[in-house]
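What follows is each chain in one-letter form.
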Amino acid sequence: MHAVEFVFAIGWAAFWIYWLVAAISTKRSHVAWSRELRIRAVVFVGAVLLVRLGAFKHDGLNSNPWRAGLGLFLFALGLGFAIWARLNIGRNWGTPMSKKEEPELVTSGPYRLVRHPIYSGILVAGTGTAVALSWVGLIAVALAGVYFVYSATVEERYLTEQFPDTYPMYKRSTKMLVPLIF
């Protein structure tokens, strides 16, 4: 295993372990399981089909140090942004498309820049991983992006219902995933 691959493996593992541990202290929530499970099943089946069709074969690992450096930078930037967002939202964090009991609208920290900074951070980190290791990884980032846009759209419906006076104004003033663009 190359050193760069090792850094990404350790970085992603540490991130997801932190994520699971941090989830313990969140507020209770209700998840629209049937809808969420269907969407996750479609993404999972799509990923399995891509693997079975050989989409990730015959693509050697990158050996360009500039690409590796850029990828590591994007990876660290993305995970740092997602962690900053997770710390900022605190106990209000929940699984995608969940409805919180006693919700609070968080618009500070990274939420001033985008409405869904955790999704943004994970996508930037995934893009960094693909840039550093293999361009084919951008397929996985694109699939995650589709899922995140869908999840964000559903979450925003809930937030508009929960905060009818403040969320529409926040939505108009802040982009969904990419500051100043989208």
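Just so it is clear, the model here is predicted, and its values are computed rather than measured.

Draft legend 1. Structural detail: the packing of aromatic side chains. Under the definition given, this model contains 13 aromatic pairs. Relative to W16, the ring of F15 lies with its centre 4.8 Å away and its plane at 75 degrees, an arrangement referred to as edge-to-face. Looking at W16, the relative accessible area reads 38%, which means it is partly exposed. An aromatic cluster of at least three residues, connected via ring pairs, comprises F8, W12, F15, W16, Y18, W19, F75 and W93.

Draft legend 2. A nonpolar patch on the surface, seen in detail. Taken together, L70, F73, L77 and V124 make up a surface patch of nonpolar side chains, about 360 Å² in accessible area. The biggest single contributor to the nonpolar patch is helix α3 (residues 65-89), with 3 residues. Examined against the element boundaries, F73 turns out to sit in helix α3.

Draft legend 3. Highlighting unusual backbone geometry. In this structure, L180 takes a positive phi of about 70 degrees despite not being glycine. By the secondary structure assignment, L180 is in the segment after α6 (167-173). Judged by relative accessible area, which is 83%, L180 ranks as exposed.

Thresholds, definitions, all that
- Residues numbered from 1 in each chain as written.
- Predicted model: local features only at pLDDT ≥ 70, side-chain atom pairs only at ≥ 80, totals over all residues.
- Heavy atoms only, no water.
- Phe/Tyr/Trp six-rings, centres within 6.5 Å; stacked < 30°, edge-to-face > 60°.
- Buried < 20%, exposed > 50% of the residue type's maximum accessible area, 1.4 Å probe, protein only.
- Patch = residues over 30% accessible without salt bridge, like charges linked within 9 Å, V, L, I, M, F, W, Y side chains within 5 Å.
- Areas by Shrake-Rupley, 256 points an atom, 1.4 Å probe, with all protein chains shown as cover.
- Salt bridge = Lys/Arg side-chain N within 4 Å of Asp/Glu carboxyl O.
- Helix = DSSP H or I, 4+ residues; strand = E, 2+ residues; numbered from the N terminus.

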